[in-house]
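# Results of the structural survey
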Amino acid sequence: MAEPSLYYEDNNPSPLHLVWLSFRSRMPAMVALSVLLFLLVLTLASPLLAPFSPAQQFTDAISLPPSWADGGNMAFLFGTDDLGRDMLSRLLIGAAYSFALPLSIVIVASSFGIFLGALAGVDRNFKYQFIGQMFDRILTVPSFLLALVIIAILGPGLGNAVIAITLSLIPQFIYSTRNAVHDEWQKSYVTASRLNGCSNTYLMYRVILPNITPALVMQLTVALSVAIMDIAALSFLGLGVQAPTPEWGSMLARSLDEVYLSPWSMVLPGLALFITITAINVVGDSLRRSIKQRMDS
């Protein structure tokens, strides 16, 4: 028999749990998060899930429609392209280049950009102010155009495209982080912490950073969407991922000449890009709203 509790126990959820409760209450956010988690699992398991090699050609199944359409074949669930390559296999393997690779780019760019932006926002020395002003000038150039300039210098190719997009995203993180830190640095609670003898490191990680999280989450969301679009656009122009490597942008470019004969070869990679970017934006915006709601409460 369980003994009755003689003491009152106040169970207060942690701040992270409160954010999750607020996020979970938003149905579109949970649907978008499920889509992203499903996409991540598919990306990681794509070598095992892909029924064929993405470069394997079936000469007896050229421009085969999806299995649910007339003339489709269950062996090729999403049909084949104009060279007889399985569309499902190419979409699955292409997710590594169109989703996982931009995610890695954003992680690297945000690590450098947030660190340099925090230094420029806290330290008022000339060298950090010079860094901030220099990147302000760079930001006047659109990220995709900046990536094209870097590609023109380094040459086309997947590796150079990754370098170009990473370098074009770093100034955005520096700018947003520097401005957010600078705005918080002027507030009274930071001044009180400084008067109590807190170091700049403590102020940054324990005082300022928790309060600029919504701005960083929004910037991460925008950067990930931009990275996905830039990878796809560079590959579409033939400057990024090179044939026969499957990537959703290069698959779109390949399907232009066959859009009337095999429209599924354009619709499927385009739909994959649309769903991915929409899910990322919904998750990022909902997470920002949940964090801000907890901070205001």
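Given the structure is predicted, the values throughout are model-derived calculations rather than measurements. (Residues numbered from 1 in each chain as written. Predicted model: local features only at pLDDT ≥ 70, side-chain atom pairs only at ≥ 80, totals over all residues. Heavy atoms only, no water.)

Attention now moves to the pattern of salt bridges. Enumeration over the complete set of coordinates arrives at six salt bridges. Salt-bridge contacts for R90 lead to D81; the nearest nitrogen and oxygen are separated by 4.0 Å. A relative accessible area of 5% places R90 in the buried class. The exposure class assigned to D81 is buried, which follows from its relative accessible area of 5%. Of the charged contacts, one joins D285 and R289 as a salt bridge, the two residues approaching to 2.9 Å between their closest N and O atoms. (Salt bridge = Lys/Arg side-chain N within 4 Å of Asp/Glu carboxyl O. Buried < 20%, exposed > 50% of the residue type's maximum accessible area, 1.4 Å probe, protein only.)

Using the criterion set out here, one finds five aromatic pairs in the structure. Among the aromatic residues, those joined into a ring-pair cluster are F52, F58 and F76. (Phe/Tyr/Trp six-rings, centres within 6.5 Å; stacked < 30°, edge-to-face > 60°.)

Now for helix α10 (residues 248-255). The periodicity of an α-helix, 3.6 residues per turn, causes residues three or four places apart in sequence to face the same way. For α10, the buried fraction is high: six of the eight residues fall into the buried class. A distance of 2.6 Å separates the backbone nitrogen of G249 from a side-chain oxygen at the start of α10, and that oxygen is part of E247. (Helix = DSSP H or I, 4+ residues; strand = E, 2+ residues; numbered from the N terminus. Polar contact = N/O pair within 3.5 Å; in protein donor to acceptor, adjacent residues only side chain to side chain.)

Moving on to the nonpolar core. V106, I165, L169, I228 and W248 are the most contacted members of the largest nonpolar core, which totals 42 residues. The contacts of V106, once residues within four sequence positions are left out, are L169, F173, L220, A223, L224 and A227. By size, the runner-up hydrophobic cluster in this structure holds 12 residues, among which are A118, V181, M204 and I208. (Core = buried A, V, L, I, M, F, W, Y, C linked by side-chain atoms within 4.5 Å. Contact = heavy atoms within 4.5 Å.)

With that settled, consider unusual backbone geometry. A positive phi is found at S63, a non-glycine position, where the angle reads about 55°. With respect to the helices and strands, S63 occurs in the loop between α2 (27-49) and α3 (87-122). Classification of S63 as partly exposed rests on a relative accessible area of 23%.

In this section: the packing of helix α6 (residues 158-185) against helix α9 (residues 213-236). Between α6 and α9, the least distance of the axes is 10 Å, while the angle of their chain directions is 160°. Considered as vectors, α6 and α9 are oriented roughly antiparallel to each other. Crossing of α6 against α9: the hand is right-handed. Along its contact with α6, which presents A161, I165, L169, Q172, F173, S176, T177 and A180, the element α9 presents A215, L216, Q219, L220, A223, V226, A227, D230, I231 and L234. Of the residues contributing to the contact of α6 with α9, the split by class is 13 nonpolar, four polar and one charged. (Axes fitted to C-alpha atoms, helices over the stretch in contact; angles between N-to-C directions. Parallel < 35°, antiparallel > 145°, perpendicular 65-115°, else oblique. Left-handed = near helix turned anticlockwise from the far one by under 90°. Nonpolar A, V, L, I, M, F, W, Y, C, P; charged D, E, K, R; others polar.)

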